[in-house]
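# Residue-level structural notes
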Amino acid sequence: MNIHQSVLPAVRKIKDFEALLDSETEYIILLDSRLGLLRKLVRIGQKAGKKVLVHIDLIQGLKADDYGMEYVAQEVKPDGVISTRANVIHQAKKHELIAVQRLFLIDSQAIEHNITIIQKTKPDFVEVLPGVLPGMIKEIKDQLDIPVIAGGLIRTNDEINRALEAGASAVSTSRSGLWQYKQR
């Protein structure tokens, strides 16, 4: 599975989501939303021809358990989900959604533990945070042989370039000034 987009806009505000509906972006990541709005936002995005990925861990009013994922898959119907939780990734794969598992680069022990989990869950993508560590992006990509998305703390076009050069398939960012990034 490939993403043919260098920057994945991660939206927190409805006005930013609405602005992206008329953009050339193919993917939109929904952060910080409420369960009551989720289905409507996903449908509006999909109607505009966008693939909508929902960050399950940040949806207010949603319990990220098997039943919560069943509801999301059957009723909300996003194109994919993002989560740190192995059970969410497992359920996403079961329901044939794009599965993005987040990996926080805290320390060596946490990385080793999470790599073991990711090898079992086999997500479609791994989002490495923070995404400003090119050496770690390459190392994680090489260890897992799963496409990597770099996210977190990316503030400049140069940081996007470094993440992509290190092997990231894409970069996720909530900084709207970077959403129109054009790769050199």
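Remember, predicted model here, so these are calculated numbers, not experimental data.

Considering all chains together, one arrives at nine salt bridges under this definition. Ionic pairing is found between K93 and D124, a salt bridge with its closest N-O pair at 3.3 Å. In this pair, K93 is assigned in helix 4 (residues 86-94) and D124 in the loop between helix 5 (108-121) and strand 8 (125-129), connecting sequence segments 31 residues apart.

Strand order around the closed barrel formed by eight strands is 1-2-4-6-7-8-9-10, with parallel pairing between neighbours. Along the sheet, successive strands turn relative to each other by an average axial angle of 25 degrees, direction set aside. Across three bridges, strand 4 (residues 51-55) lies against strand 6 (residues 80-83) in parallel orientation. Bridging across to strand 6, H55 finds its partner in I82. Against the sheet, helix 4 contacts strand 6 and strand 7 (98-104), and its axis sits at roughly 165 degrees relative to strand 7.

Quick look at unusual backbone geometry now. Here the amide bond leading from L129 into P130 is cis, since omega sits at 0 degrees, within 30 degrees of zero. Considering the arrangement of structural elements, one finds P130 in the loop between strand 8 and helix 6 (134-144). Look at D145: it is not a glycine, yet its phi comes out positive at around 55 degrees. Among the secondary structure elements, D145 is positioned in the loop between helix 6 and strand 9 (148-151). Its relative accessible area of 70% is what places D145 among the exposed residues. Here the phi dihedral of L153 falls at roughly 70 degrees; this positive angle occurs in a residue that is not glycine. The exposure class assigned to L153 is exposed, which follows from its relative accessible area of 56%.

What counts and what doesn't
Residues numbered from 1 in each chain as written. Predicted model: local features only at pLDDT ≥ 70, side-chain atom pairs only at ≥ 80, totals over all residues. Heavy atoms only, no water. Salt bridge = Lys/Arg side-chain N within 4 Å of Asp/Glu carboxyl O. Helix = DSSP H or I, 4+ residues; strand = E, 2+ residues; numbered from the N terminus. Pairing = 2+ DSSP bridges. Axes fitted to C-alpha atoms, helices over the stretch in contact; angles between N-to-C directions. Contact = heavy atoms within 4.5 Å. Buried < 20%, exposed > 50% of the residue type's maximum accessible area, 1.4 Å probe, protein only.

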